[in-house]
Amino acid sequence: MAATRNDGRDGYLAFVESHQHRLLRAAYLICGNRHQAEDLLQDALLKLALRWSSVRDGDPSAYVRAILYRDAVSWWRRRRREWLSATPPEQVAHDRDGALRLTLHDALGLLPPRQRAVLVLRYYEDLTEVATAEALGVTVGTVKSQCHAALRRLREVAPDLARDARPSQRPAASGDLATGVEVNP
């Protein structure tokens, strides 16, 4: 019986070790604050630990992401105040697109929390509209409208996210876009 408990614990620890950095990056992109992202992830991993025996055979990563995003939305609803984030965390690796990343980070900070969450889930986590809706606990139509509004707002506040676009020009075709978060208006 003790071996079974250890197997479950070992599997949980292996999952946490292999997924924690990606989940922390996603949490940071959602909330824009490193400390809050760490708290959200810690709470989500605690909830996973409590349900590990029933979740481990399925997709524990999706389970944690759903907890993470729902807890973030709950926190925003309770807080109802905009967060101004400090500078982004230091990058260890050399980043050729540092200015583009900073521009995107600043632009994401200007979006309302739900729109930011939709963009991170759809384009960073690469979830489908249905999976995004399930993670946020909203309808697919809400995901589509929030995504459309968020992308429109990103185009307004950060026109330099388009590759080779002069400040007065908008890209002509979606193939000319650099960040992957642009879609047809």
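Residues numbered from 1 in each chain as written. Predicted model: local features only at pLDDT ≥ 70, side-chain atom pairs only at ≥ 80, totals over all residues. Heavy atoms only, no water.

**A closer look at the overall build of the protein**
Scanning the protein from terminus to terminus reveals seven helices and zero strands. Secondary structure elements of the protein, listed N to C terminal, follow the sequence α-α-α-α-α-α-α. Counting the 185 residues in the protein, one finds 36% classified as buried. Sequence-distant contacts, at least 24 apart, represent 64% of the contacts inside the protein between residues at least 6 apart. When the accessible surface of the protein is totalled, it reaches about 11700 Å², and 50% of it is carbon and sulfur. (Helix = DSSP H or I, 4+ residues; strand = E, 2+ residues; numbered from the N terminus. Buried < 20%, exposed > 50% of the residue type's maximum accessible area, 1.4 Å probe, protein only. Contact = heavy atoms within 4.5 Å. Areas by Shrake-Rupley, 256 points an atom, 1.4 Å probe, with all protein chains shown as cover.)

**Quick look at helix H7 (residues 140-157)**
With 18 residues, H7 should cover 26 Å at 1.5 Å per step; its first-to-last C-alpha distance of 26 Å lies within 8% of that length. For H7, the full list of buried residues reads Val-143, Gln-146, Cys-147, Ala-149, Ala-150, Leu-151 and Leu-154. Residues of H7 that are buried sit in contact with helix H4 (98-109), helix H5 (113-124) and helix H6 (129-136). (Expected span 1.5 Å × (residues − 1).)

**Things to note about H5**
One turn of an α-helix holds 3.6 residues; hence residues three or four places apart share an orientation. For H5, spanning 12 residues, the distance from its first C-alpha to its last is 15 Å, which sits close to the expected 16 Å at 1.5 Å a residue. Inspection of H5 places Gln-115, Arg-116, Ala-117, Val-118, Leu-119, Val-120, Leu-121 and Arg-122 among the buried residues, and these make up the whole buried set. Just downstream of H5, Asp-126 is the residue with a positive phi angle, here 60°.

**Things to note about unusual backbone geometry**
Backbone geometry places Asp-126, a non-glycine residue, at a positive phi of 60°. Within the secondary structure, Asp-126 is located in the loop between H5 and H6.

**Focus: the packing of aromatic side chains**
Under the criterion given, the structure shown has two aromatic pairs. With a centroid separation of 5.6 Å and 75° between ring planes, the pair formed by Tyr-12 and Trp-52 is classed as edge-to-face. Highlighted residues: Tyr-12 in helix H1 (residues 2-31) and Trp-52 in helix H2 (residues 34-55), separated in sequence by 40 residues. By relative accessible area, which is 16% here, Tyr-12 ends up buried. (Phe/Tyr/Trp six-rings, centres within 6.5 Å; stacked < 30°, edge-to-face > 60°.)

**Focus: the packing of H5 against H7**
Viewed as axis vectors pointing N to C, H5 and H7 meet at an angle of 100°, and their least axial separation amounts to 9 Å. By the angle class used here, H5 and H7 are roughly perpendicular. Across the interface between the two elements, Arg-114, Gln-115, Val-118, Leu-119, Arg-122 and Tyr-123 of H5 pack against Thr-142, Val-143, Gln-146, Cys-147, Ala-149, Ala-150, Leu-151 and Leu-154 of H7. Tallied by class, residues from the contact of H5 with H7 come to nine nonpolar, three polar and two charged. (Axes fitted to C-alpha atoms, helices over the stretch in contact; angles between N-to-C directions. Parallel < 35°, antiparallel > 145°, perpendicular 65-115°, else oblique. Nonpolar A, V, L, I, M, F, W, Y, C, P; charged D, E, K, R; others polar.)

**Considering the side chain of Arg-65**
Positionally, Arg-65 belongs in helix H3 (residues 60-79). If near-sequence neighbours (up to four positions away) are discounted, Arg-65 is found in contact with Leu-23, Glu-125 and Leu-127.

**Points about the packing of H6 against H7**
Any two packed helices are characterised by the angle at which their axes cross and by the distance between the axes. The geometry of H6 relative to H7 is characterised by a closest axis approach of 8 Å and an angle of 100° between their N-to-C directions. Put simply, H6 runs roughly perpendicular to H7. Touching Glu-129, Val-130, Thr-132 and Ala-133 of H6 are Val-140, Val-143 and Lys-144, all from H7. When its residues are assigned to classes, the contact of H6 with H7 shows four nonpolar, one polar and two charged.

**With respect to the pattern of salt bridges**
Throughout the structure, instances matching the rule amount to five salt bridges. Across the salt bridge formed by Glu-38 and Arg-34, the nearest N and O atoms sit 3.3 Å from each other. Separated by four residues within a single helix, Glu-38 and Arg-34 lie in helix H2, roughly one turn from each other. Given a relative accessible area of 33%, Glu-38 falls into the partly exposed group. Arg-34 sits in the partly exposed class, given a relative accessible area of 38%. Linked by salt bridges that have partners in common, Arg-22, Arg-65 and Glu-125 make up one network. (Salt bridge = Lys/Arg side-chain N within 4 Å of Asp/Glu carboxyl O.)

Structural measurements only, silent on function.
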